[in-house]
Every structure is written in C-alpha cells, then in structure tokens.
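As a plain string of letters, each chain reads:
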Amino acid sequence: MSLPPIRRPLLWGFTLSGRRLMRRHFNAVRVLGEVRPGDPGIAPAIVVMNHPSWWDPLTALVLARGPLFGRTHYAPIEAKQLSRYRVFASLGFFGVDASAAGARAFLSTSLAICASPRATLWVTAQGRFSDPRERPVALLPGVGRLASRLSGGVVWPLAVEYPFWTERVPEALVHWGRPLAIESGRSAEGWTAAISAELAGAMDRLAAASLARDATAFTTLLAGRRARHGVAP
C-alpha cells in the first residue's frame, strides 16, 4: 500500500501558518517535564493524544517541529472532513470513517506507515472531542490492534489541555506520558488498556500542573502575542 502523500512545500507553508495561528490565539505552548520524548531511531512512533479541542492538530504541528523533529508525520482524519478540506490529503492525513471497512482501512494504512523508516503516526484515539477531566479515558480499539500487529517501536501517550491562566488568551499545555515499548505477545485489548492507563496518568499529572498555574514547571515551546491590560495587541 502506498503511503499518504506529503507535498513538502505545502506542508512547510501550512506549518508556518499553523504556528502563526497558535501565536495569535494562545499565550504560549508549554510542555511539562521532558521536552524531547526521545528518538526511537528508524522504528515507528505512535503518538496517542487525548482530544479536547479543534486546536489539537496545530498543537501537534508545534511538537512535530520540536520533540519529534526529523521524522515523517501522518495522521488519520474523519473522511467527511478530508473531503471538505482537500488540502489535508497532501499533508500526510488519510481519511477514516466509523465502519468495519473504515477500521480495516485505518489498520492497513497505519501498518504501511509504521513500516516506513522514521515514521510518526499521530492518533486522537478517543475518536471524539472530550473534556480532559473525563475518566475513564475510553479509546477506540484501532490503536490497540495496531500496536498488537507491530514487532517494534514505541507508543507515546500525550496529554493536552487549553486552560485560561492570567491572560486574555488560553495556554496550550502538553505533557508526554511514559513511553510504551512495542513488543510482541500483548493482545490488542491489553494494548488498548495499557495505552489508556498511561494516557490517563499523563492527563492527571498535567491537570495538577495546570491547576498550580506555575509557568516555571513548564518549558515554553512557542510564545504567543500577549494581551496588554486586557486589550489585544
């Protein structure tokens, strides 16, 4: 199976535009704890995010240029949205739908991606927008099935939330959870449960840091344009 196409000049322009949007609409993009998750070499990396907001793909763009720089990035997107925003079809996105055929297509395309050297697959495995405080963290089974079919690589849970602190605009906060090395022998259900547990743990740690509102606990990846005296610059 051929990989989802990526037009590099278009991706570069989209990345610059996305970073400008993040600067305009957020006070900062901040990461709690380690900035760089570690490079799994040529092995596949699967980033499993919670899904609180429309902004999640643009947050991922910032991280792709930082902690996972130098890798090739892909992500599933709802097929209806892909047909509406055709530009994404040239940026490494591939369409999926909520059907048995869609699940098979997701698995087939994802396996092809993970067979590609230095590939990263970004997945919002909850399959819907959900509040970051929602527990348990219920994931669709596709990512567990994918991990059970691989013989190597790593799964990186990634917690994301967008709280308001002291500025007119919100913060974009992220936290890398503990990595799960992919090894054979674990069932798809076992993988789904393990990923859900690690993602929930990362979300809990990020929530506690968010409540503390201590910017020194974070590293700023991208600074926004701050409001002055409550008035946008």
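As a reminder, the structure under discussion sits directly above these lines.
Description of the structure in this document. (Residues numbered from 1 in each chain as written. Predicted model: local features only at pLDDT ≥ 70, side-chain atom pairs only at ≥ 80, totals over all residues. Heavy atoms only, no water.)

Secondary structure summary: the protein chain contains 6 helices and 9 strands in total. In terms of overall size, the protein chain behaves like a compact globule, its C-alpha atoms giving a radius of gyration of 17 Å where 233 residues would be expected to give roughly 17 Å. Projected onto the principal axes, the alpha-carbon positions of the protein chain cover approximately 55 × 35 × 35 Å. Put simply, the protein chain has 233 residues, and 50% of those count as buried. Counting only contacts in the protein chain whose residues sit at least 6 apart along the sequence, the fraction spanning at least 24 positions is 79%. Of the roughly 11400 Å² of accessible surface on the protein chain, 57% is carried by carbon and sulfur atoms. For the protein chain, the separation between the mean place of its 28 positive charges and that of its 15 negative charges on side chains is 10 Å. (Helix = DSSP H or I, 4+ residues; strand = E, 2+ residues; numbered from the N terminus. Rg over C-alpha atoms; globule rule 2.2 N^0.38 Å. Buried < 20%, exposed > 50% of the residue type's maximum accessible area, 1.4 Å probe, protein only. Contact = heavy atoms within 4.5 Å. Areas by Shrake-Rupley, 256 points an atom, 1.4 Å probe, with all protein chains shown as cover. Lys, Arg positive; Asp, Glu negative; His and termini not counted. Charge placed at Lys NZ, Arg CZ, Asp CG, Glu CD.)

Turning to helix 6 (residues 188-212), a few remarks are in order. The end-to-end C-alpha separation of helix 6 is 37 Å, in line with the 36 Å expected for 25 residues at 1.5 Å each. Phi for Arg-213, located one or two positions after helix 6, is positive at around 55 degrees. (Expected span 1.5 Å × (residues − 1).)

What follows concerns the packing of aromatic side chains. Applying the stated criterion across every chain yields a total of 9 aromatic pairs. Centre to centre, the rings of Phe-26 and Tyr-162 are 5.5 Å apart; their planes meet at 45 degrees, and the pair counts as tilted. Here Tyr-162 lies in the loop between strand 6 (154-161) and strand 7 (171-176) and Phe-26 lies in the loop between helix 1 (8-25) and strand 1 (28-32), a separation of 136 residues in the sequence. When its relative accessible area of 2% is taken as the criterion, Phe-26 is described as buried. Classification of Tyr-162 as buried rests on a relative accessible area of 15%. Plain terms: the ring middles of Trp-165 and Phe-218 are 5.8 Å apart, the flat faces sit at 65 degrees to each other, and that makes the pair edge-to-face. Of this pair, Trp-165 sits in the loop between strand 6 and strand 7 while Phe-218 sits in strand 9 (residues 218-223), placing them 53 residues apart in sequence. In this pair, the class of Trp-165 matches that of Phe-218, namely buried. An aromatic cluster is built from Phe-14, Tyr-85, Phe-88 and Phe-93, whose rings are joined through pairwise contacts. Taking NZ or CZ as reference, Arg-186 lies 4.6 Å from the ring centre of Trp-191, over its face. (Phe/Tyr/Trp six-rings, centres within 6.5 Å; stacked < 30°, edge-to-face > 60°. Lys NZ or Arg CZ within 6 Å of the ring centre and 35° of its normal.)

What follows covers the packing of helix 1 against helix 2 (residues 56-64). The N-to-C vectors of helix 1 and helix 2 enclose an angle of 110 degrees; their axes lie 9 Å apart at closest approach. Between helix 1 and helix 2, the angle is such that the two are roughly perpendicular. Here the hand of the crossing between helix 1 and helix 2 comes out left-handed. Where helix 1 approaches helix 2, its residues Phe-14, Thr-15, Gly-18, Arg-19, Leu-21 and Met-22 are matched on the opposing element by Leu-58, Thr-59, Leu-61 and Val-62. Across the contact of helix 1 with helix 2, the residue classes tally to 6 nonpolar, 3 polar and 1 charged. (Axes fitted to C-alpha atoms, helices over the stretch in contact; angles between N-to-C directions. Parallel < 35°, antiparallel > 145°, perpendicular 65-115°, else oblique. Left-handed = near helix turned anticlockwise from the far one by under 90°. Nonpolar A, V, L, I, M, F, W, Y, C, P; charged D, E, K, R; others polar.)

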